[in-house]
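Working through the structure, step by step
So the chains spell out like this:
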Amino acid sequence: MDDLSYTEQEGWKRLDTSVTVNSDTDDFTGGYVEVDITDGNSYDELQLVDGTDLSVSGDAVYWNGDRIGTIDNTYDGSDGRLRINFS
């Protein structure tokens, strides 16, 4: 992915429409994926949005209808840090 620029107060901006997560074992249990804005503050917020195969309901994350993880309680997108814990 190329570097992304963002102007303060610009509103929501999609970071990337195509993210790939790989595993040598195809077992993500106990793992996670995290996005962290360098020097994030209380005004920075990240959000996971529904896509073709991805859907979000509350803190539950689904892929093709199967639950694959949960949005972390601490790193929930506020302060520029979002973590999806795989299950």
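In this convention, every chain numbers its residues from 1, walking through the sequence in written order. Totals for whole chains, interfaces and linings use all residues, but because this is a predicted model, local features are given only for residues with pLDDT of at least 70 and pairs of side-chain atoms are given and counted only at 80 or more. Hydrogen atoms and water are omitted, and side-chain values are computed over all heavy atoms in the structure.

On to unusual backbone geometry, then. A positive phi is found at Asn-64, a non-glycine position, where the angle reads about 50°. Phi at Asp-79 takes a positive value of approximately 60°, unusual for a residue other than glycine. Numbering of helices and strands runs from the N terminus, with a helix taken as a DSSP run of H or I at least four residues long and a strand as a DSSP run of E at least two residues long. Mapping Asp-79 onto the fold places it in the loop between β4 (66-76) and β5 (81-86). The exposure class of Asp-79 is partly exposed, given its relative accessible area of 42%. Between buried and exposed lies partly exposed: a residue is buried under 20% and exposed over 50% of the maximum accessible area for its type, with that area taken using a 1.4 Å probe on protein chains only.

Before going further, it helps to examine the sheet that holds strand β1 (residues 32-36). For two strands to be treated as a pair, DSSP must find no fewer than two bridges joining them. Judged by pairing direction, the sheet is antiparallel, and its five strands sit side by side in the order β1-β5-β4-β3-β2 without closing on themselves. With partners counted over all chains shown, the strands left at the sheet margins are β1 and β2 (54-57), one partner each. When strand polarity is set aside, the average angle formed by the axes of neighbouring strands in this sheet is 25°. In this structure, β1 lies alongside β5, joined through five bridges in antiparallel fashion. Bridging across to β5, Glu-34 finds its partner in Arg-83. Every axis corresponds to a line fitted to the C-alpha atoms, with the helix fit spanning only the stretch in contact, and the corresponding angles, defined between N-to-C directions, vary from 0 to 180 degrees.

In this section: the packing of aromatic side chains. To describe a pair of aromatic rings, you give the distance between the ring centres and the angle between the ring planes. Classification of ring pairs uses Phe, Tyr and Trp, with its six-membered ring standing for Trp, and accepts pairs whose centres are within 6.5 Å; under 30 degrees between planes counts as stacked, over 60 as edge-to-face, and the remaining range as tilted. Within the structure shown, the criterion is met by zero aromatic pairs. Ring-over charges, as used throughout, are those where CZ of Arg or NZ of Lys falls within 6 Å of the ring centre and within 35 degrees of the ring normal. Positioned over the ring face of Tyr-75 is Arg-81, at 3.8 Å from the centre of the ring. Here the basic side chain of Arg-83 rests over the ring of Tyr-32, its NZ or CZ set 3.9 Å away from the ring centre.

Right, let's talk about the nonpolar core for a bit. As used in this record, nonpolar core signifies buried Ala, Val, Leu, Ile, Met, Phe, Trp, Tyr and Cys residues forming a set joined through side-chain atoms within 4.5 Å. Leu-46, Leu-54, Val-61, Ile-71, Leu-82, Ile-84 and Phe-86 together form the largest nonpolar core, which totals seven residues. In contact with Leu-54, other than residues within four places in its own chain, are Leu-48, Val-49, Val-61, Tyr-62 and Trp-63. By the convention used here, residues are in contact when the closest approach between their heavy atoms is within 4.5 Å.

For Asp-72, the location among the structural elements is in strand β4. The side chain of Asp-72 sits in the buried core without any salt bridge; Arg-83 is the nearest counter-charge, 4.5 Å away. Think of it this way: Lys and Arg go in the positive column, Asp and Glu in the negative one, and His and the chain ends go nowhere. Should a side-chain nitrogen of Lys or Arg be within 4 Å of a carboxyl oxygen of Asp or Glu, the pair is scored as a salt bridge.

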